[in-house]
Amino acid sequence: MLDLKARITPISNLINLHVPKAEKVRHHGRELSYILPHDAVANFAPLFCDIEGSTGVQLGIVSYGVSMTTLEEVFLQLENDKDEVEDFD
């Protein structure tokens, strides 16, 4: 089985095949996080079927989860973006 670094591109390709505007936002340890735009929700079921099927097994995906962004997370991200802009100035 390939290590995670070797699987990142194929996993991203699978996600982008179903949700072209998906954005990889985090790679921490053995976990990858993506933002899937809400307007692509109709594509989520086929993506999850591939993840749960043989494609996911071949890529070494053991588990996955889905969550909605909370308002707190949105505000924290906006604050981080604001700080980055101020640092740039």
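Conventions we followed
Residues numbered from 1 in each chain as written. Predicted model: local features only at pLDDT ≥ 70, side-chain atom pairs only at ≥ 80, totals over all residues. Heavy atoms only, no water. Core = buried A, V, L, I, M, F, W, Y, C linked by side-chain atoms within 4.5 Å. Buried < 20%, exposed > 50% of the residue type's maximum accessible area, 1.4 Å probe, protein only. Helix = DSSP H or I, 4+ residues; strand = E, 2+ residues; numbered from the N terminus. Pairing = 2+ DSSP bridges. pLDDT = per-residue confidence, 0-100. 1 Å grid on protein atoms, 1.4 Å probe; cavity = no way out; pocket = protein on both sides within 12 Å on 5 of 7 lines; lining within 4 Å. Points joined across faces, edges and corners; volume = space filled by probe spheres on them. Nonpolar A, V, L, I, M, F, W, Y, C, P; charged D, E, K, R; others polar. Phe/Tyr/Trp six-rings, centres within 6.5 Å; stacked < 30°, edge-to-face > 60°.

Caption draft 1: Spatial organisation of the nonpolar core. Among the nonpolar cores identified, the biggest contains 14 residues, and Ile-11, Ile-15, Val-19 and Leu-47 are the most heavily contacted of them. Looking at this core, the elements with two or more residues in it are helix H1 (4-18), strand S2 (31-35) and helix H2 (44-52).

Caption draft 2: Region of the structure containing the pairing of S2. The pairing of strand S1 (residues 23-28) with S2 spans 5 bridges and is classified as antiparallel. Across the sheet, Lys-24 pairs through a bridge with Tyr-34, a residue of S2. Adjacent in sequence and paired antiparallel, S1 and S2 are bridged by 2 residues, among which Gly-29 carries a positive phi angle near 60°.

Caption draft 3: Focus on the confidence of the model for the protein chain. Confidence in the prediction of the protein chain, expressed as mean pLDDT, is 84, and 88% of residues score 70 or more. For the protein chain, helix H4 (residues 71-88) is the element with the lowest average pLDDT, namely 72, and H2 is the one with the highest, namely 94.

Caption draft 4: Layout of the layout of surface pockets. Of the volumes computed, that of the largest pocket is approximately 1300 Å³. What lines the largest pocket is a set of 33 residues, and nearest its centre among them are Leu-32, Ser-33, Tyr-34, Ile-35 and Gly-65. Those elements that place two or more of their residues in the lining of the largest pocket are H1, S1, S2, H2 and H4. Here the lining of the largest pocket takes 5 residues from S2, the largest share from any one element. Looking at the lining of the largest pocket, its residues break down into 20 nonpolar, 8 polar and 5 charged.

Caption draft 5: Expanded view of the packing of aromatic side chains. One pass over the structure, following the stated rule, counts 2 aromatic pairs. Seen in terms of ring centroids, Phe-44 and Phe-48 are 6.1 Å apart; in terms of plane orientation they differ by 50°. Their pairing is tilted. Of this pair, Phe-44 and Phe-48 both sit in helix H2, 4 residues apart, roughly one helical turn. For Phe-44, a relative accessible area of 13% puts it in the buried group. Chaining the aromatic ring pairs together yields one cluster made of Phe-44, Phe-48 and Tyr-64.

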